[in-house]
Amino acid sequence: MPETPEVDPAFRDDVLNGLAAPIPAVPARWFYDRRGSELFDDITRLDAYYPTETEMRIMGENASAIAEATGRGAALVEFGAGSATKTPLIIDAIEPAHYVPIDISGDYLRDSADKLKADHPGLAVDPVEADFTKPFDLPSEIDGFERIGFFPGSTIGNFVPRSATDMLRHFRDILGDGAKLLIGMDRVKEIDRLKRAYDDPEGVTAAFNKNLLTRINRELNGTIPEDAFDHEARWNEMLGRIEMHLVANRDVSFEIEGQPFSFAKGETIHTENSHKYGKRAARALLLAGGWTPTHEWTDDADDFAVILAEA
Ligand code: AVI
């Protein structure tokens, strides 16, 4: 008998409830199965997807100013285990005594922790396997050390402002009074550039978006004809965000876990929001989340900002 993959009940609920909602939507966190994570890595290397390269350039060019502002020898707490490229860059710059990566995936966490330890022999690495959006305890090893939260990549943009504010407050609660937060935020810019970053000519972002359908079919016994949906990136001017959708290119019916669904041609599944923040809006968001911005570094074109804030 073929093995049936284990169903994640949270995935099942989010998909069944999300697709039955008046505006069908599935939370973006479900993009990241193994294939989705590989495709996201590919996205970060695309010419059209400027945020990763720009953020790294900002951090590289301003390494000593950042270290001066954060101080050295602190405990660096990264929300979401770091990418192979960004974390060493910031560790080399601010020379923390401890690095605390927090991630829901224990395997990923252990791999990246081992690699970092090998490359930085003097650094204490204390990984925490947890969902960083929920309450968790920091390791006692960092008691007495200054704390610097690190939340790069403009991941804050994937949360609607109300949730983003709640999350910033949660970071503040976890890190405590006197902590600092170094955060990457993508700026509002020309719509054509934004749309190209989320609908690249190579079709990698389209594959990333459509992989969600593959995952639903595989893990939730879905019968979605994947060719019935097209990737679309839209700019929502009122809400200041890029939205990713899967648009039905014909009338289509299918089942998921035995539950029937129908989409008329043109109807969409909303799969992601990526909010962009102007200078003032970025600072206002931080303030609403309980953080006072103290320093800001950007690139010449002001495409992206790395902001330091204090609790
Ligand atoms: C992870 N996050 C910050 C990315 C973004 O830009 O919103 C996810 C992404 N979606 C499509 N391309 C990249």
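Residues numbered from 1 in each chain as written. Predicted model: local features only at pLDDT ≥ 70, side-chain atom pairs only at ≥ 80, totals over all residues. Heavy atoms only, no water.

Undergrad: What exactly am I supposed to notice about the pairing of strand β10 (residues 259–263) here?
TA: For a regular strand, side chains alternate in direction, first toward one face of the sheet and then toward the other. Judged from the 5 bridges that link them, strand β9 (residues 252–256) and β10 form a sheet pairing that is antiparallel. What sits directly across from Phe254, in β10, is Phe261. Counting the residues that bridge the hairpin from β9 to β10 gives 2 residues, and of these Glu257 lies at a positive phi of roughly 50 degrees. (Pairing = 2+ DSSP bridges. Helix = DSSP H or I, 4+ residues; strand = E, 2+ residues; numbered from the N terminus.)

Undergrad: Quick question: what am I supposed to make of unusual backbone geometry here?
TA: Excluding glycine, a negative phi dihedral is what most residues carry, and trans is how most peptide bonds are arranged. Positive phi outside glycine occurs at Asn221, with the angle close to 50 degrees. By secondary structure assignment, the location of Asn221 is in the loop between α9 (204–219) and β7 (229–236). You will see that Glu257, though not glycine, has its phi angle at about 50 degrees, which is positive. Structurally, Glu257 is set in the loop between β9 and β10.

Undergrad: Would you take a moment to explain the side chain of Thr44 for this structure?
TA: Locating Thr44 in the fold gives a position in helix α2 (residues 34–44). Among the polar contacts listed, one links the side chain of Thr44 to the backbone oxygen of Asp41, at a separation of 2.6 Å. Apart from residues no more than four positions distant in its own chain, Thr44 is found in contact with Tyr49 and Thr52. (Polar contact = N/O pair within 3.5 Å; in protein donor to acceptor, adjacent residues only side chain to side chain. Contact = heavy atoms within 4.5 Å.)

Undergrad: So what exactly am I meant to see when it comes to the nonpolar core here?
TA: Grouped burial of nonpolar side chains is what soluble globular proteins tend to show. Core analysis: the biggest nonpolar cluster contains 37 residues, and Leu19, Phe229, Phe254, Ile256 and Phe263 have the highest contact counts within it. Where this core is concerned, the elements lending two or more residues are α1 (9–20), α2, α8 (191–197), α9, β7, β8 (241–248), β9 and β10. Here this core gets 5 residues from one element, more than from any other, and that element is α9. By size, the runner-up hydrophobic cluster in this structure holds 31 residues, among which are Val77, Phe79, Val100 and Ile174. (Core = buried A, V, L, I, M, F, W, Y, C linked by side-chain atoms within 4.5 Å. Buried < 20%, exposed > 50% of the residue type's maximum accessible area, 1.4 Å probe, protein only.)

Undergrad: Even after reading the chapter, I still don't get the pairing of strand β6 (residues 180–186), so can you show me in this structure?
TA: Taking burial as the measure, the 7 residues of β6 include 7 buried ones, the bulk of the element. Along β6, one buried face is formed by Lys180, Leu182, Gly184 and Asp186 and the opposite face, lined by Leu181, Ile183 and Met185, is buried too. In this sheet, β6 lies alongside strand β5 (residues 147–151) in parallel orientation, the contact comprising 4 bridges. Of the residues in β6, the one forming a bridge with Gly149 is Leu181. Read from β5 through helix α7 (residues 161–175) to β6, the crossover connection turns out right-handed. By the bridge criterion, 7 bridges tie β6 to strand β13 (residues 304–310) in an arrangement that is antiparallel. What sits directly across from Met185, in β13, is Ala305. (Right-handed = clockwise from strand over helix to strand, strands pointing away.)

Undergrad: Any chance you could explain helix α5 (residues 86–94) here in plain terms?
TA: Because the α-helix completes a turn every 3.6 residues, residues three or four places apart line up on one side. Here α5 has its buried residues at Lys86, Thr87, Ile90, Ile91, Ala93 and Ile94. All buried residues of α5 fall inside an arc of 160 degrees around its axis, so they share one side. (Arc of directions from axis to C-beta.)

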